[in-house]
Amino acid sequence: MLTIAMLAALGHHDELKLHIRATQNTGVTQDEVKEILLKAAVYAGVPTANAAFKHALKAYSADGEGGHAMTESSVPYRHERAGTHPPYLHAAYGSTVKRAPSRAPLPLAQTLSETTGPGANGWSWVGAEMADLTRQHKGTPIGERMIVAGRVLDEDGRPVPNTLLEIWQCNAAGRYIHPNDHHDAPLDPNFTGAGRMVCNERGAYRFLTVKPGAYPWRNTKNAWRPAHIHFSVFGPAFATRLITQMYFPGDPLLAIDPIFQSTPDADARASLVAAYDPELSEPEWALGYRWDIVLRGRAATPVQTDAEH
Ligand SMILES: [Fe+2]
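What counts and how
Residues numbered from 1 in each chain as written. Predicted model: local features only at pLDDT ≥ 70, side-chain atom pairs only at ≥ 80, totals over all residues. Helix = DSSP H or I, 4+ residues; strand = E, 2+ residues; numbered from the N terminus. Contact = placed C-beta atoms within 7 Å. Domains from an automatic or database assignment. Nonpolar A, V, L, I, M, F, W, Y, C, P; charged D, E, K, R; others polar. Buried ≥ 20, exposed ≤ 12 C-beta atoms within 10 Å, placed from the backbone. Arc of directions from axis to C-beta. Core = buried A, V, L, I, M, F, W, Y, C linked by C-beta atoms within 7 Å. Pairing = 2+ DSSP bridges. Axes fitted to C-alpha atoms, helices over the stretch in contact; angles between N-to-C directions. Expected span 1.5 Å × (residues − 1). Parallel < 35°, antiparallel > 145°, perpendicular 65-115°, else oblique. Left-handed = near helix turned anticlockwise from the far one by under 90°.

K.L.:
It is not clear to me how the overall build of the chain should be interpreted in this structure. Could you clarify?
P.N.:
Check the secondary structure of the chain and you find eight helices and 11 strands. On the principal axes, the C-alpha backbone points of the chain span a range of 70 × 45 × 35 Å. Residue pairs in contact within the chain that sit at least 24 positions apart in sequence constitute 70% of those at least 6 positions apart.

K.L.:
Just to check I follow, could you spell out the domain arrangement of the chain for this structure?
P.N.:
Note on interface size: it is often stated as the accessible area lost on association of the parts. In terms of domain boundaries, the chain breaks down into domain 1 (2–71) and domain 2 (112–294). Here the C-alpha centroids of domain 1 and domain 2 sit 39 Å apart. Taken residue by residue, the interface counts five residues in domain 1 and six residues in domain 2. Looking at side-chain class alone, the side of domain 1 that touches domain 2 contains three nonpolar, one polar and one charged residues.

K.L.:
Would you take a moment to explain helix α2 (residues 13–23) for this structure?
P.N.:
Structural remark: α-helix, 3.6 residues per turn; residues separated by three or four positions point the same way. All of the buried residues along α2 are Leu16, His19 and Ile20. What you see down the axis of α2 is that its buried residues fit within an arc of 100 degrees, all on one side. Structural note: α2 exposes Asp14 and Leu18 on the side pointing more than 90 degrees away from its buried face.

K.L.:
How should I be thinking about the nonpolar core in this particular structure?
P.N.:
Within soluble globular proteins, side chains that are nonpolar generally end up buried alongside one another. Among the nonpolar cores identified, the biggest contains 32 residues, and Val148, Leu165, Phe231, Met246 and Ala274 are the most heavily contacted of them. Put simply, the parts of the chain that give this core at least two residues each are β1 (145–153), β2 (164–168), β4 (204–210), β7 (228–234), β8 (241–247) and α7 (258–261). In terms of nonpolar packing, the next biggest core, distinct from the first, is built from 19 residues, Ile4, Leu7, Ala40 and Tyr60 among them.

K.L.:
Hey, could you run me through the environment of His230 in this one?
P.N.:
Here His230 lies in strand β7. By the C-beta count within 10 Å, which is 20 here, His230 ends up buried. Through-space distance from the C-alpha of His230 to that of Leu253 is 17 Å; in sequence the pair is 23 residues apart.

K.L.:
Just checking my understanding: could you explain the sheet that holds β2 for this structure?
P.N.:
Backbone hydrogen bonds hold the strands of a sheet together, and the pairing may be parallel or antiparallel. Strand order in the open sheet formed by four strands is β3-β2-β7-β8, with antiparallel pairing between adjacent strands. Both edges of this open sheet fall to β3 (194–198) and β8, since each of them pairs with a single strand only. The average angle at which neighbouring strand axes cross in this sheet is 20 degrees, direction not considered.

K.L.:
What should I look at first to understand helix α4 (residues 46–62) in this one?
P.N.:
With 17 residues, α4 should cover 24 Å at 1.5 Å per step; its first-to-last C-alpha distance of 24 Å lies within 8% of that length. Taken across its 17 residues, α4 has 12 buried, putting it largely inside the fold. By the burial criterion, the buried members of α4 are Val46, Pro47, Ala49, Asn50, Ala51, Ala52, Phe53, His55, Ala56, Leu57, Ala59 and Tyr60. After α4 finishes, the residue Gly64 shows a positive phi value of roughly 75 degrees.

K.L.:
Please clarify how the packing of helix α1 (residues 2–10) against α2 should be interpreted in this entry.
P.N.:
The axes of two packed helices give the description: the angle between them and the distance between them. Two elements in contact, α1 and α2, have axes separated by 9 Å at closest approach and are oriented at 155 degrees. Between α1 and α2, the angle is such that the two are roughly antiparallel. α2 is crossed by α1, and the crossing has left-handed handedness. Of the residues in α2, those touching α1 at Thr3, Ile4, Leu7 and Ala8 are Glu15, Leu16, His19 and Ile20. When grouped by side-chain class, the residues that make up the contact of α1 with α2 number five nonpolar, two polar and one charged.

K.L.:
I would appreciate a short explanation of the environment of Lys138 in the present structure.
P.N.:
Its place among the elements puts Lys138 in the loop between α6 (95–99) and β1. Separated by 52 residues in sequence, Lys138 and Asn190 have C-alpha atoms that sit 6.7 Å apart.

K.L.:
Would you mind showing me how to read the packing of α2 against α4 here?
P.N.:
Running from N to C, α2 and α4 point in directions that differ by 50 degrees, and their axes come no closer than 9 Å. As the angle between them shows, α2 and α4 are arranged oblique. Seen from above, α2 lies across α4 with right-handed handedness. For the pair α2 and α4, the contacting residues are His13, Leu16, Lys17, Ile20 and Arg21 in the first and Ala51, Ala52, His55, Ala56, Lys58 and Ala59 in the second. For the contact of α2 with α4, the class distribution of residues is six nonpolar, two polar and three charged.

K.L.:
Looking at this model, I keep getting lost on unusual backbone geometry. Mind explaining?
P.N.:
Glycine aside, the phi torsion of most residues is negative, and most peptide linkages are trans. Here Asn162, not a glycine, exhibits a phi torsion of approximately 60 degrees, which is positive. With respect to the element layout, Asn162 can be found in the loop between β1 and β2. Accessibility expressed as a C-beta count within 10 Å gives 16 for Asn162, which makes it partly exposed. Even without a glycine there, the phi angle at Arg218 is positive, about 60 degrees.

Structure, rendered in structure tokens:
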């Protein structure tokens, strides 16, 4: 059984199938194999465990055993702790009032399709050129040049490698290149505000950009969003995409921003604020901000239920 757990965690599927078939002569039941694969999910992650389930199902089917325990087994993704993520409905954030579901959600059984996706075989098609948002045009964008870097971690502080990070932000004047942005602030012909990169094996990322400005957003009279960068975090499967926002330390707008304040837990909110890091700053070049993203558990970074503003 230990061998099965190790082969599942390592993704050695052909050997896994051989070992599972061999266990049928030793009295090991499908439920026992299911249990060990569930345990593997704790260490190797849900997509890896579900891939192992798929291959276990094939092994049992090939032997005419069926795979009744395996077809019911796809590892459920863990639900968040109460108060550490923003709710669908937060009255102070006006558009959530219309957008939030008014009925209780219907349960949908998780299937293998949630554990597949464009990153299942890596993100080899993603180039490295979009990590620098200051060199996407002929000229240099106006604004305070800054580096934002950090790591993607799991709940135990272990790095999560090969995550696709996508960011979007307004320019230094607080204006997005978007038809719905009518803020009377200049567009910057040298700044698009979109970046993308794949974290390395240590879960580390680094973007070069300019600091975004605050912008008005008509939530209430004279409402302004604090400076922020939107982050999309995409793992190997369709069910592993999360969206959140990173903020800047010392911003006076944080105290009155309904989106930032919609996360009830104070520690969780604080985890959305990057830290100024003098070690990351580069002399005569750019300021450095460090921000780690924790994917789940007690220290999880709050994620949004929408991607506006
Ligand atoms: Fe925004």
